[in-house]
Amino acid sequence: MRLSTSNVLIGVTPTVSIGASSDDPANVTDPDFSTSYTGVDNNQISFIFGSVGIINYVALAGINIQGNKNYTSYVRVTDGTTIITTNFIIRNNCLMLTFESRSFTNLRVVIYNAIGNILPSVRFIAAGTYLQLPNGGESAGYNRQFLNRNTITKSTLSDLAAPVSVLTKKTAATGTLTLPNMTKSFSETEWQTFLDFSENNYFFIVEQDIIGEITQNSSAYMGFEVTNSRTTAHAQTRGLNNISFSFKVFTGL
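Residues numbered from 1 in each chain as written. Predicted model: local features only at pLDDT ≥ 70, side-chain atom pairs only at ≥ 80, totals over all residues. Heavy atoms only, no water.

**Student:** When you look at the sheet that holds strand β1 (residues 2–4) in this model, what are you seeing that I'm missing?
**Tutor:** Across a sheet, strands are paired by hydrogen bonds formed along the backbone, either parallel or antiparallel in direction. As summarised here, the arrangement of the six strands in space is β10-β1-β14-β16-β17-β13, forming an open sheet in which the pairing is antiparallel. Each edge of the sheet is formed by a strand with only one pairing partner; in this case those strands are β10 (130–132) and β13 (173–183). For this sheet, the mean inter-axis angle between neighbouring strands, taken without regard to orientation, is 35°. For strand β14 (residues 203–206) and strand β16 (residues 220–233), the ladder comprises four bridges, and the chain directions are antiparallel. From the neighbouring strand, V206 faces β16, where its bridge partner is A220. Most of the contacts of helix α2 (residues 190–198) go to β1, to which it runs at about 45°, and overall it touches β1, β10, β13, β14, β16 and β17 (240–250). (Pairing = 2+ DSSP bridges. Helix = DSSP H or I, 4+ residues; strand = E, 2+ residues; numbered from the N terminus. Axes fitted to C-alpha atoms, helices over the stretch in contact; angles between N-to-C directions. Contact = heavy atoms within 4.5 Å.)

So this is what it looks like as structure tokens:
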């Protein structure tokens, strides 16, 4: 499990090399999800962010490129024309593409819909460094948010108690991550970096640890509004701490 601890794209306005429309490209790095960027090419949008320092992830939220839902649509990260990683998708989940730490001469992010049935769109793109959690991250009973659907449904019934109409509304789920038996060193260094970042920024979690040029990793989601952050002393040794925090979740589904 990985958690993002920085975002170097906040305030950066990319250039759109394919699919440029009248939308403001700065929308994709603006945390305001009421804005988005929709291209004019039926299949793809290519965002160019230019030179970027050392990073090891690129994440996206609010995409619409699931297409045929058969892993033919994808998000790709390149340095110029050199492909770094490609994540093929089946649904409009959030994505967190991870790779070996590197700087970029010309960071490019491409979203591609093979079927071209809808103009591609994205609401948020982030890039930076992540923290790999010790011991695999989540403990037993952790709620795997990327596999859930978070909705509230209200039905209107007839006199026979049969459904007449059903109104469904999406809601933000609440997640809780518990990290038992964390070392004193981790609690006082890497974990503090994450808390500093998450206090005022959206962060991404990816549960499946997959790094490669080609992946099909749909286990990411975005977190925000961190609450109930606790670091408590271990019951048996002062060298360990138990960490937990709660947060709101956006999955894109």
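**Student:** Just to check I follow, could you spell out the nonpolar core for this structure?
**Tutor:** As a rule of thumb, soluble globular proteins bury nonpolar side chains together. Counting 27 residues, the largest nonpolar core has F47, V58, L60 and I125 as its most contacted members. Those elements giving two or more residues to this core turn out to be β4 (44–61), β5 (73–79), β6 (82–89), β7 (95–112) and β9 (124–128). By size, the runner-up hydrophobic cluster in this structure holds 20 residues, among which are L177, M182, F203 and F247. (Core = buried A, V, L, I, M, F, W, Y, C linked by side-chain atoms within 4.5 Å. Buried < 20%, exposed > 50% of the residue type's maximum accessible area, 1.4 Å probe, protein only.)

**Student:** What am I meant to see in the pairing of β17 here?
**Tutor:** Across nine bridges, β13 lies against β17 in antiparallel orientation. Residue pairing for β17: T178 is matched across the bridge by S244. Pairing analysis gives eight bridges linking β16 to β17, with the strands arranged antiparallel. Its bridge partner lying in β17, G223 is registered against V249. Linking two consecutive strands that pair antiparallel, namely β16 and β17, is a turn of six residues.

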